[in-house]
Amino acid sequence: MENNITVYTTTQCPYCKMVKDFLNEKDIPFKEVNVENDPAMMQKVVEQTGQMGVPQTEINGKWILGFDPERILETIKQ
């Protein structure tokens with residue numbers, strides 16, 4: 001089953017890089033949205049999650065805040 005994964009990031013965020021590196025190491029395809037370049041997307045993330053922080057990873061409609069590899073893998077398996 002194809003997972004639909006989007007990572008919402010900012011340019012300077014070290015945890016954003018960690019999430020992207022983790023997904024790349026596992027050969028898990030994802031889309032990146034840099035919310036610095038797209039404030040409307042940041043607004044969407046805040047409305048969906050109630051959280052201002054990044055990274056936010058959306059996997060098949062479920063949200064994971066921060067760098068949480070275990071939750072990412074658990075969510076992908078479902």
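Here the structure is shown first, and the text comes after it.
Enquirer: Tell me about the pattern of salt bridges, residues and numbers included.
Expert: Going through the model one piece at a time under the given rule, you end up with 3 salt bridges. Taking the shortest distance from any N to any O, the salt bridge between Lys17 and Asp21 comes out at 2.8 Å. Of this pair, Lys17 and Asp21 both sit in helix α1 (residues 14-25), 4 residues apart, which is roughly one turn of the helix.

Enquirer: Help me get a handle on the sheet that holds strand β4 (residues 62-65), residues and values and all.
Expert: The strand order across the open sheet formed by 4 strands is β2-β1-β3-β4, and the pairing between neighbours is mixed. Because the sheet does not close on itself, it has two edges, and the strands there are β2 (31-34) and β4. On average, adjacent strands in this sheet sit at an angle of 20 degrees to one another, irrespective of strand direction. In the sheet, strand β3 (residues 56-59) pairs with β4 via 4 bridges, with the strands oriented antiparallel. Considered in β4, the bridge of Gln56 is made with Leu65. Contacting β1 (5-9), β2 and β3, α1 crosses the sheet at an angle of about 155 degrees to β1.

Enquirer: So, α1: which residues are in play, and what are the values?
Expert: Across its 12 residues, α1 extends 16 Å between first and last C-alpha, which sits within 8% of the 16 Å expected from 1.5 Å per residue. Listed as buried for α1 are Cys16, Val19, Phe22 and Leu23. Along the axis of α1, the buried positions cluster into a sector of 130 degrees, meaning they face one direction only. Projecting away from the buried face of α1 at angles above 90 degrees are the exposed residues Pro14 and Glu25. Packed against the buried residues of α1 are β1, β3 and α3 (69-77). With its phi angle positive at about 55 degrees, Asp27 sits one or two positions after the end of α1.

Enquirer: How would you sum up the side chain of Glu58? Please name residues and give values.
Expert: By the element assignment, Glu58 lies in strand β3. Its relative accessible area of 16% is what places Glu58 among the buried residues. Ignoring sequence-local partners within four residues, the contact set of Glu58 consists of Asn4, Ile5, Thr6, Tyr8, Lys44 and Trp63.

Enquirer: Go over the nonpolar core, please, and point to the residues and values.
Expert: Core analysis: the biggest nonpolar cluster contains 10 residues, these being Ile5, Val7, Val19, Phe22, Leu23, Ile28, Ile59, Ile64, Ile72 and Ile76. For this core, the secondary structure elements donating two or more residues are β1, α1 and α3. Discounting chain neighbours no more than four positions away, the residues touching Val19 are Val7, Pro55, Thr57, Gly66, Phe67 and Ile72. Counting 6 residues, the second-largest nonpolar core is a separate cluster that includes Tyr8, Val33, Met42 and Val45.

Calculation criteria
- Residues numbered from 1 in each chain as written.
- Predicted model: local features only at pLDDT ≥ 70, side-chain atom pairs only at ≥ 80, totals over all residues.
- Heavy atoms only, no water.
- Salt bridge = Lys/Arg side-chain N within 4 Å of Asp/Glu carboxyl O.
- Helix = DSSP H or I, 4+ residues; strand = E, 2+ residues; numbered from the N terminus.
- Pairing = 2+ DSSP bridges.
- Axes fitted to C-alpha atoms, helices over the stretch in contact; angles between N-to-C directions.
- Contact = heavy atoms within 4.5 Å.
- Expected span 1.5 Å × (residues − 1).
- Buried < 20%, exposed > 50% of the residue type's maximum accessible area, 1.4 Å probe, protein only.
- Arc of directions from axis to C-beta.
- Core = buried A, V, L, I, M, F, W, Y, C linked by side-chain atoms within 4.5 Å.

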